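Spelled out, the chains give:
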Amino acid sequence: MNMIDKHIYKSLVDAKKAGEKKFVVLVDPDKLSLKNLEKTIDLAAKANVDYFFIGGSLIVNNMLDETLKKIKAVAPNIPLILFPGNAFQLSYRADGLLFLSLISGRNAELLIGKHVISAPYLKMSPLEILPTGYMLIEGGKPTTVSYISNTSPIPAEKDDIALCTAIAGELLGLKLIYMDAGSGALKPISESMIEMVSGATNIPLIVGGGIRTPEKALANVKAGADVIVVGNAIEKDPELILEMAQAVHSMNPEKLSNLPYN
Ligand code: 1GP
């Protein structure tokens, strides 16, 4: 039986209200060896990671289902959220799905086109659908996502464009904003951009791309990010999960007193 309560969005909104920060480990089923996957799941369970995002721009093998099965077996209490790189990356073994609209771009297919194709499947599916305004921010090198999506990211210094894009996303009724510098970004998103966007919107703000240290993760949550996503750095060094999760959770009200990152 699935042990996850299907209330991912409610838990995100409640956490935001309470000033609680969430830490997400991104797993790209194509990149992780089975050995590293097992280690990553073990460490994530120990570190009280809040969610797994599962996805990648180019999942080319049949590892998606296998990965989901494996995580469910070892860490059944951590919700699994699909972060699909394309409309084929669907599995009912997950708990939720980021229904991404690429609002930083002007590619109609990724704003609404693919959604129309996948809508009837998603409507029937048991997955919790999380409508997400996805914003690519320039991160110092061209990313697979900007190449595949045929869109330009928002320039890293243009805080005002990010701000207006996020506000538009919220006004359109999207439930989450995900600002992403892209996997392995050389420059993660600046704290000033995070601060501006989070100050002007009320929906949970997810930030990822190129976050490599617990210090940067902490700086981002202090700037107003509600959810921090790390993939690449953890693929390289799974042990980082413990420090990263601790840094992000050190902001949480009940844990303020005894953690090293205050
Ligand atoms: C990418 O935001 C995620 O879409 C995570 O980025 O792999 O660089 O941590 P990293």
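For every chain, the first residue of the written sequence is number 1, and numbering continues from 1 along that sequence. Under the rules for a predicted model, residues below a pLDDT of 70 receive no local features and side-chain atom pairs below 80 are neither given nor counted, while totals for whole chains, interfaces and linings still include all residues. No hydrogens and no water enter the side-chain calculation; it runs on all heavy atoms of the structure.

Caption draft 1: Here's a closer look at the overall build of the protein chain. The numbering of helices and of strands both runs from the N terminus, where a helix is a DSSP run of H or I of at least 4 residues and a strand a run of E of at least 2. Helix and strand counts for the protein chain stand at 10 helices and 8 strands. Relative to the compact-globule value of 18 Å for 262 residues, the protein chain shows a C-alpha radius of gyration of 17 Å, a close match. Referenced to the eigenvectors of the C-alpha coordinate spread, the extents of the protein chain come out at roughly 40 × 40 × 35 Å. Of all 262 residues assigned to the protein chain, the portion counted as buried reaches 52%. Using a 1.4 Å probe, the Shrake-Rupley method yields the accessible areas, and only the shown protein chains count as cover for residues. Accessible surface for the protein chain amounts to roughly 12000 Å². Of this, 58% is attributable to carbon and sulfur atoms. As defined in this context, the radius of gyration uses C-alpha atoms, and a globule is described by 2.2 Å times the residue total to the power 0.38. Relative accessibility decides the category of a residue: with a 1.4 Å probe and only protein chains considered, values under 20% of the type maximum give buried, values over 50% give exposed, and everything between is partly exposed.

Caption draft 2: View of the site of the ligand. Taken together, 13 residues lie around the ligand, and Asp180, Ser183, Gly184, Gly210 and Asn232 are the ones closest in. The definition of a polar contact used here is a pair of N or O atoms within 3.5 Å, where within protein one atom must be able to donate a hydrogen and the other to accept one, and adjacent residues in sequence count solely through side-chain atom pairs. Gly184 places a polar main-chain atom, nitrogen or oxygen, 2.6 Å from an oxygen atom of the ligand. Between an oxygen atom of the ligand and a main-chain N or O atom of Asn232, the distance comes to 2.7 Å. When the ligand sits alone it has 310 Å² of accessible area, and the protein chains cover 97% of it. Per-class residue counts for the shell around the ligand are 4 nonpolar, 8 polar and 1 charged. Any residue with a heavy atom lying within 4 Å of a molecule or strand is counted as near it. For this scheme, ten residues count as nonpolar: Ala, Val, Leu, Ile, Met, Phe, Trp, Tyr, Cys and Pro. Four count as charged, namely Asp, Glu, Lys and Arg, and the remainder, Gly too, count as polar.

Caption draft 3: Summary view of a positive patch on the surface. Within the patch definition used here, like charges are joined within 9 Å and nonpolar side chains (Val, Leu, Ile, Met, Phe, Trp, Tyr) within 5 Å, considering only residues with over 30% relative accessible area and no salt bridge. For this analysis, a salt bridge means a side-chain nitrogen from Lys or Arg found within 4 Å of a carboxyl oxygen belonging to Asp or Glu. Only four residue types enter the charge count: Lys and Arg as positive, Asp and Glu as negative, with His and the chain ends excluded. Where a charge lies is defined by one atom per residue type: Lys uses NZ, Arg uses CZ, Asp uses CG and Glu uses CD. A surface patch of positive charge is lined by Lys31, Lys141, Arg212 and Lys236. Turning to its location among the elements, Lys141 is positioned in the loop between β5 (128–136) and α5 (144–149).

Caption draft 4: Local environment of the packing of aromatic side chains. Centres within 6.5 Å make a pair out of two Phe, Tyr or Trp rings, where for Trp the six-membered ring is used; the pair is then stacked when the planes are under 30 degrees apart, edge-to-face when over 60, and tilted otherwise. Counting across every chain of the model gives 5 aromatic pairs. A centroid spacing of 5.1 Å and a plane angle of 35 degrees characterise the contact between Phe83 and Tyr178, whose relative ring orientation is tilted. Residue Phe83 is found in the loop between β3 (80–82) and β4 (96–102), and its partner Tyr178 is found in strand β6 (residues 176–180); the two are separated by 95 residues along the sequence. Of the two residues examined, Phe83 and Tyr178, each falls in the buried class. An aromatic cluster of three or more residues is present, and its members are Phe53, Phe83, Tyr134 and Tyr178.

Caption draft 5: Fine view of helix α1 (residues 8–18). Considered for burial, the residues of α1 that qualify are Ile8, Tyr9, Leu12 and Ala15. Along the long axis of α1, the arc covered by the buried residues comes to 130 degrees, so they all point the same way. Among the residues trailing α1, Gly19 stands out with phi positive, at a value near 75 degrees. Arc, as used here, means the arc of the directions from the helix axis to the C-beta atoms.

Caption draft 6: Representation of the nonpolar core within the structure. Of all hydrophobic cores here, the largest spans 77 residues; its most connected members are Phe23, Phe53, Met179 and Ile228. By residue number, the principal contributor to this core is helix α10 (residues 240–249), which donates 6 residues. Each residue touching Phe53, except ones within four places of it in the same chain, is listed here: Val24, Val25, Leu26, Val27, Ile81, Phe83, Leu98, Tyr178, Ile206 and Val229. What makes a nonpolar core is a set of buried Ala, Val, Leu, Ile, Met, Phe, Trp, Tyr and Cys residues whose side-chain atoms join them at distances within 4.5 Å. Contacts are residue-level and defined by heavy atoms, with any inter-residue pair within 4.5 Å sufficient.

Caption draft 7: Main features of unusual backbone geometry. Even without being a glycine, Asn48 presents a positive backbone phi close to 55 degrees. Positionally, Asn48 belongs in the loop between α2 (34–46) and β2 (51–54). Non-glycine residue Asn150 carries a positive phi angle of around 55 degrees. With respect to the element layout, Asn150 can be found in the loop between α5 and α6 (159–171). By relative accessible area, which is 67% here, Asn150 ends up exposed.

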